[in-house]
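Next come the chains, spelled out residue by residue.
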Amino acid sequence: MGATVAAGQSFVKTVTVGGNPDDVMQQIISATASAPGYTVTMGGNHTLILTRKYTPQWAIVVAVIGIFFFLIGLLALLVKETETLTVTVAPVDGGTRINATGQGTPELISRLESVAGSLPAAS
């Protein structure tokens, strides 16, 4: 479980694509399952929850400064923050609506954008 330092960015996107929800969800899972630092969980029939825990930058700064004064400063490295990105797919007339909300790393967001862009347009 590699801990990265940088916080993710907010991401909200809704797009309608062609295809059925099961196939669309499979493509999203395939693209995001290997995203570094993320845990992938199914939150329901057509809901995917991507979770990442990381050590925030302030905790590393406190630990580095604290080590010079007291070894207790290293306890700051135990602090973790959690980010969650939720992706849902739902059938709509002529295709599937993908809704993604939450926070994610630029790499994860790029993967989601790539999947959405590779799917056929809704009819």
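Only a predicted model underlies this, so the values are computations on that prediction, with no experimental measurement involved. (Residues numbered from 1 in each chain as written. Predicted model: local features only at pLDDT ≥ 70, side-chain atom pairs only at ≥ 80, totals over all residues. Heavy atoms only, no water.)

Some details on helix α1 (residues 21-32)
Between its first and last C-alpha atoms α1 spans 16 Å; for 12 residues at 1.5 Å apiece the expected length is 16 Å, and the two agree. Residues of α1 that are buried: P21, V24, M25, I28, A31 and T32. All buried residues of α1 lie within an arc of 125° about the axis, which places them on one face of the element. Elements in contact with the buried residues of α1: β1 (9-17), β2 (38-44), β3 (47-54), β4 (81-92), β5 (95-104) and α3 (106-118). (Helix = DSSP H or I, 4+ residues; strand = E, 2+ residues; numbered from the N terminus. Expected span 1.5 Å × (residues − 1). Buried < 20%, exposed > 50% of the residue type's maximum accessible area, 1.4 Å probe, protein only. Arc of directions from axis to C-beta. Contact = heavy atoms within 4.5 Å.)

Concerning the sheet that holds β2
Pairing in this open sheet of five strands is antiparallel, and the strands run β1-β5-β4-β3-β2 from one edge to the other. Looking at the sheet topology across the chains shown, the edges are occupied by β1 and β2. Shown here is a sheet whose adjacent strand axes are inclined to one another by a mean of 15°, direction ignored. Sheet strands touched by α1: β1, β2, β3, β4 and β5. Its angle to β4, the strand with the most contacts, is close to 155°. (Pairing = 2+ DSSP bridges. Axes fitted to C-alpha atoms, helices over the stretch in contact; angles between N-to-C directions.)

Description of the side chain of H46
Its place among the elements puts H46 in the loop between β2 and β3. Residue classification places H46 among the buried residues on the basis of a relative accessible area of 19%. Engagement of the side chain of H46 in a polar contact is seen with the side chain of D22, the distance being 2.9 Å. A polar side-chain atom of H46 sits 3.5 Å from a polar atom in the side chain of N45. In this view, H46 contacts P21, D22, M25, V87, T88 and V89; residues no more than four positions away in its chain are not counted. (Polar contact = N/O pair within 3.5 Å; in protein donor to acceptor, adjacent residues only side chain to side chain.)

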